[in-house]
Amino acid sequence: MERTLSIIKPDATRRNLTGKINAKFEHAGLRIVAQKRIQLTRAQAGAFYAVHEERPFYDELCEFMASEPVVVQVLEGDNAIARNREVMGATNPKDAEPGTVRAEFAESVGENSVHGSDSPETARAEIAFFFSGLELVG
Ligand code: UDP
Ligand code: MG
């Protein structure tokens, strides 16, 4: 069993797509073992995406992530990190496989509906960024 951190981004919460995206996770065998809807401050978004600080899209990304509510969640399952990345699809929706979240719902490479951790180390750090041990009931 593995856990990964997922975020349903503002473009998706705004369009009321939380349930449709969660259905794709569950259909792929991922269990939502923790979930909350929050609105990030600009500073919190900046801290979460600090790894991208030097990238040209960083400021726009942080503004976007703080613009409206997000749903942060922990997904659990066999190979949850890789499996979630498959369900998400490629970063740019133009490159995403049909049936993936980003192919179906993303509006652009920036406003691409979901975030998912990319390694066991980032999953651990990203889960701890949003959830305490008490909130992870399994
Ligand atoms: N992003 C962007 N422009 C780019 C690449 C990325 O706005 O050219 C945004 C996009 O929202 C993406 C996030 O920055 O999801 C993090 O980028 P990363 O390369 O980690 O993609 P991901 O892991 O989300 O597929
Ligand atoms: Mg990434």
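Rules behind the numbers
- Residues numbered from 1 in each chain as written.
- Chains lettered and ligands numbered in written order.
- Predicted model: local features only at pLDDT ≥ 70, side-chain atom pairs only at ≥ 80, totals over all residues.
- Heavy atoms only, no water.
- Buried < 20%, exposed > 50% of the residue type's maximum accessible area, 1.4 Å probe, protein only.
- Helix = DSSP H or I, 4+ residues; strand = E, 2+ residues; numbered from the N terminus.
- Arc of directions from axis to C-beta.
- Pairing = 2+ DSSP bridges.
- Salt bridge = Lys/Arg side-chain N within 4 Å of Asp/Glu carboxyl O.
- Near = heavy atom within 4 Å.
- Polar contact = N/O pair within 3.5 Å; in protein donor to acceptor, adjacent residues only side chain to side chain.
- Areas by Shrake-Rupley, 256 points an atom, 1.4 Å probe, with all protein chains shown as cover.
- 1 Å grid on protein atoms, 1.4 Å probe; cavity = no way out; pocket = protein on both sides within 12 Å on 5 of 7 lines; lining within 4 Å.
- Sits in = over half its atoms within 2 Å of the grid points.
- Nonpolar A, V, L, I, M, F, W, Y, C, P; charged D, E, K, R; others polar.
- Contact = heavy atoms within 4.5 Å.
- Axes fitted to C-alpha atoms, helices over the stretch in contact; angles between N-to-C directions.
- Phe/Tyr/Trp six-rings, centres within 6.5 Å; stacked < 30°, edge-to-face > 60°.

**Student:** Explain helix H2 (residues 18-27) to me, please; I cannot follow it from the model alone.
**Tutor:** Helical geometry note: an α-helix holds 3.6 residues per turn, so side chains three or four residues apart project in the same direction. All of the buried residues in H2 are Ile21, Asn22, Lys24 and Phe25. One face of H2 carries all of its buried residues, which in axial projection span an arc of 155°. Exposed and facing more than 90 degrees away from the buried side of H2 are Lys20, Glu26 and His27.

**Student:** Help me understand the pairing of strand E1 (residues 2-8) in this model?
**Tutor:** The two faces of a sheet get side chains in turn, since along a regular strand they alternate between them. Taken across its 7 residues, E1 has 5 buried, putting it largely inside the fold. Bridging between E1 and strand E3 (residues 70-77) involves 7 bridges; their strand directions are antiparallel. Considered in E3, the bridge of threonine 4 is made with leucine 75. With 3 bridges connecting them, E1 and strand E4 (residues 114-116) associate as antiparallel partners.

**Student:** It is not clear to me how the pattern of salt bridges should be interpreted in this structure. Could you clarify?
**Tutor:** Applying the stated criterion across every chain, the model contains 10 salt bridges. Residues glutamate 76 and arginine 3 are paired through a salt bridge, measuring 2.8 Å at the closest nitrogen-oxygen approach. Within this pair, whereas glutamate 76 is found in strand E3, its partner arginine 3 is found in strand E1, the two being separated by 73 residues in sequence. In this structure arginine 3 comes out as partly exposed when scored by relative accessible area, which is 28%.

**Student:** How do you make sense of the site of ligand 1 when you look at a structure like this?
**Tutor:** Looking at ligand 1, the residues that line it are Lys9, His52, Phe57, Leu61, Arg85, Thr91, Arg102, Val109, Gly110 and Asn112. Histidine 52 places a polar side-chain atom, nitrogen or oxygen, 3.1 Å from an oxygen atom of ligand 1. In the environment of ligand 1, an oxygen atom lies 2.5 Å from a nitrogen or oxygen atom belonging to the side chain of threonine 91. Contact with the protein chains hides 79% of the accessible area of ligand 1, taken as 500 Å² for the molecule alone. Placement of ligand 1 is best described as lying within the largest pocket. Partitioned by chemical class, the residues of the shell around ligand 1 number 3 nonpolar, 4 polar and 3 charged.

**Student:** What exactly am I supposed to notice about the environment of glutamate 126 here?
**Tutor:** On the secondary structure map, glutamate 126 appears in helix H7 (residues 120-130). Look at glutamate 126 and you get buried, because its relative accessible area is 14%. Considering only alpha carbons, one finds glutamate 126 and glycine 116, 10 residues apart in sequence, at a separation of 9.4 Å. Beyond its immediate sequence surroundings of up to four residues, glutamate 126 is in contact with Leu5, Phe48, His115 and Ser117.

**Student:** Where do I start with the sheet that holds E3 in this structure?
**Tutor:** Consider a sheet: its strands pair through backbone hydrogen bonds, and that pairing is either parallel or antiparallel. In space, the 4 strands of this open sheet follow the order E2-E3-E1-E4, with antiparallel pairing throughout. Every other strand in the sheet has two partners, leaving strand E2 (31-38) and E4 as the edge strands with one partner each. Ignoring which end each strand starts from, the neighbouring axes of this sheet average 20° apart.

**Student:** Looking at this structure, how should I read the packing of aromatic side chains?
**Tutor:** How two aromatic rings sit relative to each other is given by the distance of their centres and the angle of their planes. According to the stated counting rule, one finds 4 aromatic pairs in the structure shown. Judged by centre distance (5.0 Å) and plane angle (85°), the ring pair of phenylalanine 48 and tyrosine 49 falls under edge-to-face. On the accessibility criterion, phenylalanine 48 (9% relative accessible area) is buried. An angle of 45° between the planes, with centres 5.4 Å apart, marks the rings of phenylalanine 48 and phenylalanine 130 as tilted. A residue pair is termed long-range when its members are at least 10 positions apart, and phenylalanine 48 in helix H3 (residues 42-48) and phenylalanine 130 in helix H7 qualify at 82 residues. Of the two residues examined, phenylalanine 48 and phenylalanine 130, each falls in the buried class.

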